[in-house]
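Observations on the three-dimensional arrangement
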Amino acid sequence: MIHHIWRLGEAGPDNLGLAVSEHGLALGTTLLVERRDGRFWFFEPEVLFLTLFVVLAYFVRAGELPLRGEEPTRAQMAFEMVSGNDFLVPRAQGQPFRIRPPLQMWAIAASAMALGDWSEWTIRLHAVVASLATTLLVYGYARTFLGRLGSLAAGAAFASFADWFQMGRQAETEAIFTLLLGGALLLWHWGVVRGWPDWVFFSVGYGLMAAAMLAKGMQAPVYFVGATWLHLLLTRDWKRMFSIGHGVGLAVGAGVVACSSRRRASRSHQNIRPPSVP
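For the structure shown, the criterion picks out 11 aromatic pairs. Centre to centre, the rings of Y58 and F165 are 5.6 Å apart; their planes meet at 20 degrees, and the pair counts as stacked. Of this pair, Y58 sits in helix 1 (residues 45–59) while F165 sits in helix 7 (residues 164–167), and the two are 107 residues apart along the sequence. The exposure class of Y58 is buried, given its relative accessible area of 1%. On the numbers, 6.0 Å between centres and 85 degrees between planes, the contact of W188 with F201 is edge-to-face. With W188 in helix 8 (residues 174–194) and F201 in helix 9 (residues 198–216), the pair connects residues that are 13 residues apart, well separated along the chain.

Attention now moves to a nonpolar patch on the surface. On the surface, W199, I244, V248, V252 and V256 cluster together into a nonpolar patch covering about 420 Å² of accessible area. At four residues, the largest contribution of residues to the nonpolar patch is made by helix 12 (residues 244–270).

With that settled, the discussion passes to unusual backbone geometry. Among all residues save glycine, negative phi is the norm, and among peptide bonds the norm is trans. With a phi close to 55 degrees, N85 is a non-glycine residue in the positive phi region. Its relative accessible area of 57% is what places N85 among the exposed residues. Phi at R236 is positive, roughly 55 degrees, even though this residue is not glycine. Assignment of secondary structure puts R236 in the loop between helix 10 (219–234) and helix 11 (238–241).

Most often, soluble globular proteins have nonpolar side chains that are buried together. With 47 residues, the main nonpolar core has W188, A220 and F224 as its most contacted residues. Mapped onto this core, the elements with two or more residues apiece are helix 1, helix 3 (103–115), helix 5 (125–142), helix 6 (148–159), helix 8, helix 9 and helix 10. Examining the composition of this core, we find that 10 residues originate from one element, helix 9, more than from any other. For A220, the residues in contact, after removing those within four places along its chain, are F177, L181, M209, A212 and M213. Grouped together as the second largest cluster of nonpolar side chains are nine residues, M77, A78, M105 and A171 included.

Interhelical geometry of helix 1 versus helix 6 gives an angle of 15 degrees and a closest axis separation of 10 Å. Classified by the angle their axes make, helix 1 and helix 6 are roughly parallel. Both helix 1 and helix 6 take part in a crossing whose hand is right-handed. The residues of helix 6 that touch helix 1, namely those facing P45, E46, F49, L50, F53, V54 and Y58, are R148, L152, G155, A156 and A159.

Before going further, it helps to spend a moment on the environment of R61. Within the secondary structure, R61 is located in the loop between helix 1 and helix 2 (71–84). Between the C-alpha atom of R61 and that of R169, which follows or precedes it by 108 residues, the distance is 8.1 Å.

Within the secondary structure layout, L233 lies in helix 10. Residues in contact with L233, not counting those within four places in the same chain, are W238 and M241.

What follows is about the packing of helix 8 against helix 10. At a minimum axis distance of 10 Å, the contact between helix 8 and helix 10 shows a crossing angle of 15 degrees. Judged by the inter-axis angle, helix 8 sits roughly parallel to helix 10. Between helix 8 and helix 10 lies a crossing whose hand is right-handed. On helix 10, the residues that touch F177, L181, A184, L185, W188, H189 and V192 of helix 8 are Q219, A220, Y223, F224, A227, T228, H231 and L232. Among the residues forming the contact of helix 8 with helix 10, the class breakdown is 11 nonpolar, four polar and no charged.

This part takes up the side chain of S111. Its place among the elements puts S111 in helix 3. S111 gets classed as buried once you look at its relative accessible area, which sits at 10%. Those residues in contact with S111, other than ones at most four positions away along the chain, are G116, T122, L125 and H126.

Glancing now at the pattern of salt bridges. Under the counting rule described, the total for this entry stands at nine salt bridges. Between D237 and R240 there is a salt bridge, with the nearest N and O atoms lying 3.1 Å from each other. Each member of the pair, D237 together with R240, is buried. Several salt bridges converge on common partners, so that one network encompasses D198, D237 and R240.

Conventions used here
Counting of residues starts from 1 at the beginning of each chain's written sequence and follows it residue by residue. Whole-chain, interface and lining totals are the exception, using all residues; otherwise, since this is a predicted model, local features are given only for residues with pLDDT of at least 70 and side-chain atom pairs are given and counted only at 80 or more. Side-chain numbers here rest on the full set of heavy atoms in the structure, without hydrogens or water. Each Phe, Tyr or Trp ring (for Trp, its six-membered ring) is paired with any other whose centre lies within 6.5 Å, and the angle between the two planes then decides the class: stacked below 30 degrees, edge-to-face above 60, tilted in between. A helix here means a DSSP run of H or I that spans at least four residues, while a strand means a run of E at least two residues long, and both kinds are numbered starting from the N terminus. Three labels apply to residues, based on accessible area from a 1.4 Å probe with only protein chains included: buried if under 20% of the type maximum, exposed if over 50%, partly exposed otherwise in between. Candidates for patches are residues over 30% relative accessible area with no salt bridge; among them, like charges are joined within 9 Å and nonpolar side chains (Val, Leu, Ile, Met, Phe, Trp, Tyr) within 5 Å. To be clear on the numbers: accessible area is Shrake-Rupley with a 1.4 Å probe, and residue cover counts the displayed protein chains and nothing else. By convention in these notes, a salt bridge is any Lys or Arg side-chain nitrogen within 4 Å of a carboxyl oxygen on Asp or Glu. Buried Ala, Val, Leu, Ile, Met, Phe, Trp, Tyr and Cys residues form a nonpolar core when they are joined through side-chain atoms within 4.5 Å. Any two residues whose heavy atoms approach within 4.5 Å are treated as being in contact. Note on method: axes are straight lines fitted to C-alpha atoms, helices fitted across the in-contact stretch only, with angles between N-to-C directions ranging 0 to 180 degrees. These descriptions rest on fixed angle ranges, namely under 35 degrees for roughly parallel, over 145 for roughly antiparallel, 65 to 115 for roughly perpendicular, and the rest for oblique. Put simply, a crossing is left-handed when the front helix is turned counterclockwise from the back one by less than a right angle, and right-handed when it is turned clockwise. For this classification, the nonpolar set comprises Ala, Val, Leu, Ile, Met, Phe, Trp, Tyr, Cys and Pro, the charged set comprises Asp, Glu, Lys and Arg, and every other residue, Gly included, is treated as polar.

See the structure below:
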């Protein structure tokens, strides 16, 4: 039984009340996030340690090196989004650039607009924020089945990957794509393990998968659908596979992709010009 400390609605079996109790954050009678030792995992001192580690290893050094590789191209497309007030169709030197979806350029543009400059540190800010969020997500997911020390080791292992010291502070798609796709997979399985309502973890999973598609294209559904459907097949979880909640999740993911694609296609069509005659 849940005894409420604070609530947005009356939690119970017949509604979707969201409440915080001495046991944790609950949706109805389902415990979404458990309290351990009287507190949520994100208030544990290990989270502060991981945050400080990522800040010192990634945030402080993000602006040390000049832009390289594809970073100048990403920054240029984000700049043209802001200067042209067109955030739907990525452009390079005024021409549509459809090789990559626009999510990363949105993130760069948002950082530049918020901070008021286009420095290397600002252009890479979204990557280091994504690295921090992914590190904490790994810790939180690990806390569902590990103690604080084991979860700290998991989070520190991700943040200290040799290759990630480079990718995690570059204005490339890898950091934000890893956060979104990793979030889709981990939160989906988190919900399965904790017994969340099907519609909740399927919606979260497919929604983040769709956002990952806006970062790096069709890799996201291949990884997410392949992993989750294989899990359901191997565990013979036919009830969940064909549940209404699964259908809701599919609709959420399809809605995110369809909305973005339709707006971008409409904007691109409006900007078509006849070729010039030499």
